[in-house]
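# Structural features, examined
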Amino acid sequence: MKPDLSRRILSAATMALMLGAVAPAAADGVGIDEENKVVTVGAFTPVTGPVPFYSILTHAADAFYKNLNENGGIDGWKVNYVTLDDGYDPARSVSVTRQLVDDEGIFALSAAVGTATNVAVIPYAKEVGLPMIGPIGGASAFFVEPNVFPLLPDYGWSAASNVDFAVNDLGLKKIALLWENDELGKSAKRGFDTYMSHIGMEPAESVPFDVKTTNFSAHIRRVANSGAEAVILFGSNANLAAALKAADLQGLQVKWFAPFFAADPSTYKLAGNLLNGTYFSSWLVPVSSTDPNVVAYQSSILKYYPDDPVGVFGLNGWSNAALFATGFEALLKSGKPLTRENLQAALETLKDASVGGAKGITFKPGDHRGTRQEGIIQASNGKFVLVRQFKPYPESVFDAKAD
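Since the structure is predicted, the reported quantities are computational estimates derived from the model, not experimental observations. (Residues numbered from 1 in each chain as written. Predicted model: local features only at pLDDT ≥ 70, side-chain atom pairs only at ≥ 80, totals over all residues. Heavy atoms only, no water.)

## A closer look at the layout of surface pockets
Our working rule: Cavities and pockets were defined on a 1 Å grid built over protein atoms only: a cavity is a set of grid points that admits a 1.4 Å probe from which the probe cannot escape, a pocket is an open set flanked by protein on both sides within 12 Å along at least five of seven lines, and lining residues are those with an atom within 4 Å of any such point. Grid points are joined across faces, edges and corners, and a volume is the space filled by probe spheres set on the points. Counting from the N terminus, the helices are DSSP H or I runs at least four residues long and the strands are E runs at least two residues long.
There is about 1,100 Å³ of room inside the largest pocket. Along its surface, the largest pocket is lined by 40 residues, and Y54, Y155, L184, F261 and F313 are the ones closest to its centre. For the lining of the largest pocket, the elements supplying multiple residues, two or more each, are α2 (55-70), α6 (183-198) and α11 (312-334).

## Some points on the packing of helix α3 (residues 90-102) against helix α4 (residues 115-128)
As a reminder of what qualifies: Helix axes are fitted only over the stretch in contact, all axes being lines through C-alpha atoms; the angle between N-to-C directions runs from 0 to 180 degrees. Any angle between 65 and 115 degrees counts as roughly perpendicular, while under 35 counts as roughly parallel, over 145 as roughly antiparallel, and the rest as oblique. By the definition used in this description, the sense in which the near helix is turned from the far one sets the handedness, with an anticlockwise turn below a right angle giving left-handed and a clockwise turn giving right-handed. Every residue pair with non-hydrogen atoms within 4.5 Å of one another is taken to be in contact. We call Asp, Glu, Lys and Arg charged. Ala, Val, Leu, Ile, Met, Phe, Trp, Tyr, Cys and Pro are nonpolar, and the rest, Gly among them, are polar.
Their axes nearest at 8 Å, the elements α3 and α4 cross at an angle of 50°. Taken together, α3 and α4 sit at an angle that is classed as oblique. Here α3 runs over α4; the crossing is right-handed. Only A116, T117, A120, V121 and Y124 of α4 make contact with α3, whose side of the interface consists of P90, S93, V94, T97, R98, V101 and D102. Partitioning the contact of α3 with α4 into residue classes produces seven nonpolar, three polar and two charged.

## Observations regarding the confidence of the model for the chain
The following threshold applies: Each residue carries a pLDDT score, the predictor's confidence in it, ranging from 0 to 100.
Here the chain averages 91 in pLDDT, and 92% of its residues register 70 or above. Here residues 1-27 is a poorly scored stretch, pLDDT under 50, and it has 59 contacts once near neighbours within four places are set aside; other chains count.

## Looking at the pattern of salt bridges
Think of it this way: side chains of opposite charge can pair up when their charged atoms draw near. What counts is decided by this rule: Salt bridge criterion: a side-chain nitrogen from Lys or Arg within 4 Å of a carboxyl oxygen from Asp or Glu. Accessible area is worked out with a 1.4 Å probe on protein chains only. A residue is then buried under 20% of its type maximum, exposed over 50%, and partly exposed in between.
Inspection of every chain in the model, using the stated rule, returns 13 salt bridges. For the salt bridge of E329 with K333, the shortest nitrogen-to-oxygen distance reads 3.7 Å. One end of the pair, E329, and the other, K333, are both in helix α11, four residues apart, so they sit about a helical turn from each other. Its relative accessible area of 63% is what places K333 among the exposed residues. Salt bridges sharing partners connect three or more residues here, namely D164, D169, R388 and K391.

The following block contains the structure:
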């Protein structure tokens, strides 16, 4: 049976039974038990509310910590991972974070779920000096806040990576954009427009759509009339599947591109063989990779959450949890007191680090753009294959976001 993620995944009481009586917290008095070598971190997650499916992200993060603890921890340190339900409600996320700080004494947030929810928590986290490590969401605010360390890129960078591959690797000249009419799609559009302008090209077409759109017939007609050779779609995997089906019905033959989170087995279930050939810009290596970190993710999900799908969604959660472990290991190696402030300083020493399924992770003071490169993945006969090695984001877009 799966653990109830509305409660603590691993309680302090359980840790006490496992590891002996808990000594008073050391260092800055928050979340650190030096005598028993236990660090407590936490997250908010939507067990209830509109997107309970997102709890898969938290399951994967929990699986990371369970696997870590069973294999010696972080230089002998175990992680006590505490999660509470916020219903994907930003106001509740703030309340839950207060509870995690006041009642659970967490050292940091780790792999907390949601863009709007994490943004809502930033003011409180800054007030109490709480590090937010690996927030699972995409917002420009994450890249400049001194206490926030994200893995996920700005979607504009990903859109630019798709354009770069379409133009410079495939030699395509007429590119259209289908974009979800919310912050996700608008971010992609900003990057798409910026990079297209930089290389002296005009979009063949640019068509917004609502996230709930299931019929893309009119959108595809506009794309077809534009003479586009390629279509970049930034929306959900359901949006991508619906657009592919509409294109198939209209006989539109183009190259298709989409963001990393659609490179998932669930998209094949929705689109079938129509997905074959689609390209995805991705900051994560393919889930089908033999990379040791990805293999560890696959085996841990099968062990701890066998009912959950193995896919990019889970690898996302796993990798964001891995970021805290990487930062805490760097803190231990620094020899400095185990404080939140020193954890943040240790994370800012990471350079070209491999973190979970992500590569080349770097943080600098004043620049917390952790992911700085993407590869291109292609759907092929039910699998996802890396067809272009990881490459830095186009400077014209990446540097613009740092301003």
